[in-house]
Amino acid sequence: MAAEHIDDKQFWLAITILIKNYHALNKKIFEVVLTEVQKQRNGQLYESDEDELEQQLQANAGARTCEGLKVYYKLLTKKLATNILANGTLNFSNQSYECHFVGDESFDDFSVHLNGGQLQVASKSNSRWAEFVLRPKLYNWSQSKREEGAQKSLRLVDVEKYNDLYKQLKQKHSESLLKLWETAKESTDPLKFIYEDLAIAAYLITLWTSTQSEPKAFADLGCGNGLLVRVLNAEGYKGYGYDVRKRKLWSLYEEETNASLIERTVEPNSFRFEFEEIDWIIGNHSDELSPWLPVLAARLKTNFFLLPCCPFELSGAKFQRRNTSISAYQDFVHYARQISDRCGFETQQDRLKIPSTKRIALIGLKRTVQTTQNLEDFVQNELQKYQTIGNEIKLREKTETVRNCTQVEKSILDSLVLKIFRMLLDNAETTTNDTWLPGRQLTMREIVQSLTKEELSGIKSECGGIKTLLRNKHEVFQFCGNDLIGIRMPKPISTLPSKSLTIKKRSCFFKLHHPQGCPLTETDCSFIH
């Protein structure tokens, strides 16, 4: 890679991306904020701005109107108490860029230079980082295409205020929320849910403050575990959460939040608030309710915040693609925005920074004059176009059906597991008697094609089907990447977590079914021999 030739335009494209994305090279940094830009002419520095910076970096070598630029940054840190100041110097004639950090020795100054079409990188005290992190990243960026109109994250809020608040919320709430998770014995990943909802809370508070639209009260529709309601309540915002099912965590929250979480089906055509002060509706991964959020906000005369996730029609049926040239998620976001526009909202769109791939948010703050009849005509037309019978709206049942292969008859599961195990052993390379036969790897497609329709029909309605079955039998199978499945090598008890509850509870699968038995001794194996 180091020998690859890049030209002047590619070099400055890489520097353009580096300037705005230094956080991609340093995990301590959340975001880069440009605070000042200066241009150099005849050895003197003059005031400039981000637009001119972008123009000069995109221009051909002979068309630039300055000798270089100086850029001043504020690096917003993820965990450090203070942010970091830095400045970068761009020299067009020397084809170089230098970055200097102010007042913090834990960050290394570095430089980048294009010499004869080759990237040369240097760091003040970390040459390995420069060579093996900075250089490969710059080369990849130099080969990328410039994205016109790419959506910037957190564009509707002050990023520095958002990051400061997010750090405060993590410090204030994360430890107590983790303890609640343990007490409730929740099976979901606490880090994912806690940090995601803390980030959403920080975003909402920053948005409300900057737009002077703080709610008198909010309603989180499809609130799930109620975590977002709990955090916003704790930060002084009055609000309620509605969900079709009560969650274990609800009873562990403070009395105020517990009383604000309401077990109730949100039926779109009849739903009304029992609290008149509600003027914001929140849809945080609200599934079937997502396309209804703008409609409900228009009917109830509120603002709304929607973070779409699983795609559904207004009818509750699976979303039918409108545009197959983009991803299904983008297609659904476009559809939800169209609904918002049809409801008369001046819809704003932003991209959040959360631990989820579904991070596009739609915000409805202002609504133009629209007649109620126009809105209801649109809703009825949508229901008729993407619905089967009588404009019925299919919502989630109060009792969630368990579909993780645990409800399938055990003999069917055991038969499938054994058949797949033998397929992985079949035609595998033989070994000596001293070496345990690990079997071969097969793709999920190859495994499915080897099973009969009758065998597949028993679990076809389960979430994930065969894949879920294999994950449930993780002591036998392992996912090897690139959709490949293999046989898992048994691990001795000494390598297992000390709190494991499954030791010596079941018979050893390999002892019973592997031609060479289990490779571990009875003492070392966590299963019964």
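Residues numbered from 1 in each chain as written. Predicted model: local features only at pLDDT ≥ 70, side-chain atom pairs only at ≥ 80, totals over all residues. Heavy atoms only, no water.

## A word on empty space enclosed by the protein
- For the structure shown, the criterion picks out two cavities of 30 Å³ or more.
- Roughly 80 Å³ of internal volume is contained in the largest cavity.
- Forming the boundary of the largest cavity are L18, I19, Y22, V32, Y73, L75, A86, Y97, C99, F101 and F110.
- If you list the elements that add at least two residues to the lining of the largest cavity, you get α1 (8–20), β3 (68–77) and β5 (96–102).
- At three residues, the largest contribution of residues to the lining of the largest cavity is made by β5.
- Classifying every residue of the lining of the largest cavity by side-chain character gives 11 nonpolar, no polar and no charged. (1 Å grid on protein atoms, 1.4 Å probe; cavity = no way out; pocket = protein on both sides within 12 Å on 5 of 7 lines; lining within 4 Å. Points joined across faces, edges and corners; volume = space filled by probe spheres on them. Helix = DSSP H or I, 4+ residues; strand = E, 2+ residues; numbered from the N terminus. Nonpolar A, V, L, I, M, F, W, Y, C, P; charged D, E, K, R; others polar.)

## What about the packing of aromatic side chains?
- Applying the stated criterion to the full structure yields 27 aromatic pairs.
- Pairing F509 with F510 gives two aromatic rings, centres 5.9 Å apart and planes at 90°, and the pair type is edge-to-face.
- Against the face of Y329 rests K358, its NZ or CZ located 5.6 Å from the ring centre.
- The cationic tip of R471 hangs over the ring face of F479; the distance from NZ or CZ to the ring centre is 4.1 Å. (Phe/Tyr/Trp six-rings, centres within 6.5 Å; stacked < 30°, edge-to-face > 60°. Lys NZ or Arg CZ within 6 Å of the ring centre and 35° of its normal.)

## Focus on a negative patch on the surface
- Negative charge collects at one region of the surface, where E36, E47, D49, E50 and D51 lie side by side.
- With respect to the secondary-structure elements, D51 resides in helix α2 (residues 50–58). (Patch = residues over 30% accessible without salt bridge, like charges linked within 9 Å, V, L, I, M, F, W, Y side chains within 5 Å. Areas by Shrake-Rupley, 256 points an atom, 1.4 Å probe, with all protein chains shown as cover. Salt bridge = Lys/Arg side-chain N within 4 Å of Asp/Glu carboxyl O. Lys, Arg positive; Asp, Glu negative; His and termini not counted. Charge placed at Lys NZ, Arg CZ, Asp CG, Glu CD.)

## A short note on the environment of W12
- With respect to the helices and strands, the residue W12 is situated in helix α1.
- The exposure class assigned to W12 is buried, which follows from its relative accessible area of 0%.
- Leaving out residues up to four positions away in the same chain, W12 has contacts with L57, R64, L90, N91, F92, Q95 and S96. (Buried < 20%, exposed > 50% of the residue type's maximum accessible area, 1.4 Å probe, protein only. Contact = heavy atoms within 4.5 Å.)

## Remarks on the sheet that holds strand β8 (residues 218–221)
- The seven strands lie next to each other as β10-β9-β8-β11-β12-β14-β13, forming an open sheet whose pairing is mixed. Edge positions in the sheet fall to β10 (261–263) and β13 (345–351), since each of these pairs with one other strand and no more. Neighbouring strand axes in the sheet, compared pairwise and without regard to direction, differ in orientation by 20° on average.
- The pairing of β8 with strand β11 (residues 280–284) spans three bridges and is parallel. The residue bridging F218 from the neighbouring strand is W280, located in β11.
- The sheet strands contacting helix α8 (residues 293–300) are β8, β11, β12 (303–307), β13 and β14 (360–367), and the helix crosses β11 at an angle near 170°.
- Here helix α9 (residues 328–342) sits on the sheet and contacts β12, β13 and β14; the angle it forms with β13, its principal contact strand, is near 155°. (Pairing = 2+ DSSP bridges. Axes fitted to C-alpha atoms, helices over the stretch in contact; angles between N-to-C directions.)

## Focus: the side chain of E52
- Note on placement: E52 falls in helix α2.
- In contact with E52, not counting residues within four places along its chain, are K39, R41 and T65.

## Topic: the environment of Y335
- Looking at the secondary structure, you find Y335 in helix α9.
- Note: C-alpha distance between Y335 and P311 (24 residues apart in sequence) is 9.6 Å.

## Re the pattern of salt bridges
- Applying the stated criterion across every chain yields a total of 19 salt bridges.
- A salt bridge links E235 to K172; the shortest N-O distance between them is 2.9 Å. Of this pair, E235 sits in the loop between α6 (227–234) and β9 (239–243) while K172 sits in helix α4 (residues 159–184), placing them 63 residues apart in sequence.
- Take E235: its relative accessible area is 24%, and that puts it in the partly exposed class.

## Brief notes about the nonpolar core
- With 44 residues, the main nonpolar core has Y203, L232 and F305 as its most contacted residues.
- With 11 residues, the single largest contributor to this core is helix α5 (residues 190–210).
- Once you skip the residues sitting within four places of it in the chain, L232 turns out to touch A201, L204, I205, W208, F218, Y237 and I282.
- If you look at the next biggest cluster of nonpolar residues, it comprises 41 residues, including I6, V32, F92 and L138. (Core = buried A, V, L, I, M, F, W, Y, C linked by side-chain atoms within 4.5 Å.)

Read these as spatial facts, not as claims about activity.
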